[in-house]
Amino acid sequence: MQFKTIIEPFRIKTVEPIRQTTREERERLLREAGYNLFLLRAEDVLIDLLTDSGTGAMSSGQWAGMMLGDESYAGARSFYKFEAAARRITGFKHIIPTHQGRAAERILFGSLLKPGDIVPNNTHFDTTRANVEYRKAAALDIPTAEARDPARVLPFKGNIDLDELERTLTEKAGNVPLAMITVTNNSGGGQPVSMANIRAASESCRRHGVLFFLDACRFAENAWFIKTREEGYAEKTPLAIAQEMFSYADGCTMSAKKDGMANIGGFLALNDDALAQKCKNMLILTEGFPTYGGLAGYDLEAIAVGLEEVLHEDYLQYRVRSVAYLGDILTANGVPIVQPPGGHAVYIDARAMLPHIPQEEYPAWALSLVLYLEGGVRSVEIGSVMFGQGPDGSEHSAAMELVRMAFPRRVYTQSHVDYLAEVILYVNSLKERIRGLRIVDAPPVLRHFTARLEPAHGALLLDS
């Protein structure tokens, strides 16, 4: 008999206590943190959904592998295990380890970009955009039009706009050294990209002699969506689907803190010998020797195992269904979210939920604070605080105002998710009382990490 309940495909062997806090404590902690959830102590958070990056639980196989870590400076056997695991999936000739994904981005863009260049992408995430702009280049987001409509239900809302890509490659010839697609599209609601879209983008880039890269940190989740949503892939394994995805690219950047199932690490992978040597030279300057890249040998062992485990079908089914479970509850109760739910997170549409808060008062940021105030839940704003500041310091509204609740891998159980749903539904009942914020102090780059804010109307986040 086929049962409906999808259980966690693991047993819990070690547990970590969660500290309870009171609402009064959380109100004080928010003030002390400058109304920035990044500046809270993790021990003061009950359910931590700030990010799924490096926050997952490693398996017994990964912990066992770590005991085999070879900490030799050069040529460690742990590197060759890691290299073989990454090459089996991606097929790329050069596998260059880094301490995390943003280091791979920095090295790649530092090796390819010059001022005035343009990097098209379905949607750049925060560090990707910042690393492009640091090189005085332009990070061009060209998602499909449907991606800007959170409520619209389509199977592949993460796709890049192929007409816009072709137009950019034609009109900006000579100024586009590479194009990228982020799988899944994090800033666009965790939405997947179809194989057909990846293939067509690759063909367009090759016609114009432009390198094509994947931002592949959630490649396995994207492969699962292709398997379950795209015609012709239902009988293929996630590994075979991932291999086909990578076959259309010239390289990838990867944060192993996501679909590498590890707490640290990443890599840059590519085929071009000359570019690889240039990247390795930069790696040595800032990260380490090319066979460790800023990682310990035991980290390389953990990633090697994680890259194999992340493609298990029972894990991927459980992972995607856990996120959809929360999304289904919220949708049934009238909470506006990005539809359909993504692979790693549920995104609340704060602009639809809080239409009384203007974008210049950061409605998604305000909602994320109230979720913590009322329930101890830490999420992250993906809106005008994160993406509302231009490279020249100018202020503009983001395309969407989202609150992302990213699920750490293999960490929380269904009862945690049921509690989370209760908190969100309670906050939704208070939504007319939520008020906006203003920025008091912020750095010029990636301001959401360290900015300090205050309520824009008096001293309260909620009107009494």
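Residue numbers restart at each chain and count upward from 1, following the sequence in its written direction. pLDDT decides what is reported in this predicted model: residues at 70 or higher carry local features, side-chain atom pairs at 80 or more are listed and counted, and totals for whole chains, interfaces and linings draw on all residues regardless. The basis for every side-chain value is the complete set of heavy atoms in the structure, and neither hydrogens nor water enter the calculation.

(A) A look at the overall build of the chain. If you tally the helices and strands in the chain, you get 16 helices and 14 strands. What the globule rule says is 2.2 Å times the number of residues to the power 0.38, and the radius of gyration is computed from C-alpha atoms. Scaling as 2.2 N^0.38, a compact globule of 464 residues should have a C-alpha radius of gyration of about 23 Å, and the chain matches this with 21 Å. In terms of overall dimensions, the chain has a C-alpha envelope of 65 × 55 × 45 Å along the principal axes. In this scheme, a residue with accessible area under 20% of its type's maximum is buried, one over 50% is exposed, and one in between is partly exposed, where area comes from a 1.4 Å probe on protein chains only. Within the chain, the proportion of its 464 residues that are buried is 58%. Here a residue-residue contact requires only that any non-hydrogen atoms of the pair lie within 4.5 Å. Put simply, 73% of the contacts in the chain that link residues at least 6 apart link residues at least 24 apart. When the 49 basic and 58 acidic side-chain charges of the chain are each reduced to a single mean position, those positions are 2 Å apart. Helix and strand definitions here come from DSSP, where helices need a minimum of 4 consecutive H or I residues and strands a minimum of 2 consecutive E residues; each element is numbered from the N-terminal end. Counting rule applied: Lys, Arg positive; Asp, Glu negative; His and chain ends not counted. Each charge is placed at NZ for Lys, CZ for Arg, CG for Asp and CD for Glu.

(B) Up close: the pattern of salt bridges. Each salt bridge in this description consists of a side-chain nitrogen of Lys or Arg and a carboxyl oxygen of Asp or Glu lying within 4 Å of one another. Evaluated as defined, the whole model comprises 31 salt bridges. Across the salt bridge formed by Glu313 and Lys227, the nearest N and O atoms sit 3.8 Å from each other. Of this pair, Glu313 sits in helix H12 (residues 313-332) while Lys227 sits in helix H8 (residues 219-229), and the two are 86 residues apart along the sequence. Here Glu313 falls in the partly exposed class, since its relative accessible area comes to 36%. The class of Lys227 is buried, set by a relative accessible area of 12%.

(C) Structural view of the state of the cysteines. Disulfide: a pair of cysteine sulfur atoms within 2.5 Å of each other. With the rule as written, the count across this model stands at 0 disulfides. Its sulfur unpaired, Cys252 is 10 Å from the next cysteine sulfur, which belongs to Cys217. We classify Cys252 as buried; its relative accessible area is 0%.

(D) Highlighting empty space enclosed by the protein. Here a cavity denotes a set of grid points, spaced 1 Å apart and computed over the protein atoms alone, in which a 1.4 Å probe fits but from which it cannot get out, and a pocket denotes an open set meeting protein on both sides within 12 Å along at least five of seven lines; residues with an atom within 4 Å of a point are reported as lining. Grid points are joined across faces, edges and corners, and a volume is the space filled by probe spheres set on the points. Summed over the entire model, instances satisfying the criterion amount to 4 cavities of 30 Å³ or more. When its volume is computed, the largest cavity comes out at roughly 40 Å³. Around the largest cavity, the lining residues are Ala86, Ile89, Thr90, Ala216, Phe219, Phe246, Cys252, Met254, Phe267 and Leu307. Looking at the lining of the largest cavity, the elements with two or more residues in it are helix H3 (77-90) and strand S7 (251-255).

(E) Up close: the environment of Thr184. With respect to the helices, strands and loops of the structure, Thr184 is situated in the loop between strand S5 (178-182) and helix H7 (195-207). For the pair formed by Thr184 and His344, sequence separation is 160 residues and the distance between their alpha carbons is 8.9 Å.

(F) Looking closely at the sheet that holds strand S9 (residues 345-349). Strand pairing follows a simple DSSP-based rule, namely that at least 2 bridges must link the two strands. Pairing is antiparallel across the open sheet formed by 3 strands, whose spatial order is S9-S12-S11. At either end of the open sheet lies a strand with only one pairing partner, and these are S9 and strand S11 (380-382). Strand-to-strand twist in this sheet, taken as the mean axis angle between neighbours without regard to direction, amounts to 30°. Bridge analysis of S9 against strand S12 (residues 402-406) gives 5 bridges, and the strand direction is antiparallel. Axis definition: a line fitted to C-alpha atoms, over the contacting stretch in the case of helices. Angles run 0 to 180 degrees between N-to-C directions.

(G) Up close: the pairing of strand S2 (residues 94-98). Most of S2 is tucked away, with 5 of its 5 residues classed as buried. Here S2 shows two buried faces, one formed by His94, Ile96 and Thr98 and the other by Ile95 and Pro97. Sheet topology note: the S2/strand S8 (residues 266-270) ladder contains 5 bridges and is antiparallel. Along S8, the bridge assignment pairs His94 with Leu270.

The values are spatial; any link to function lies outside them.
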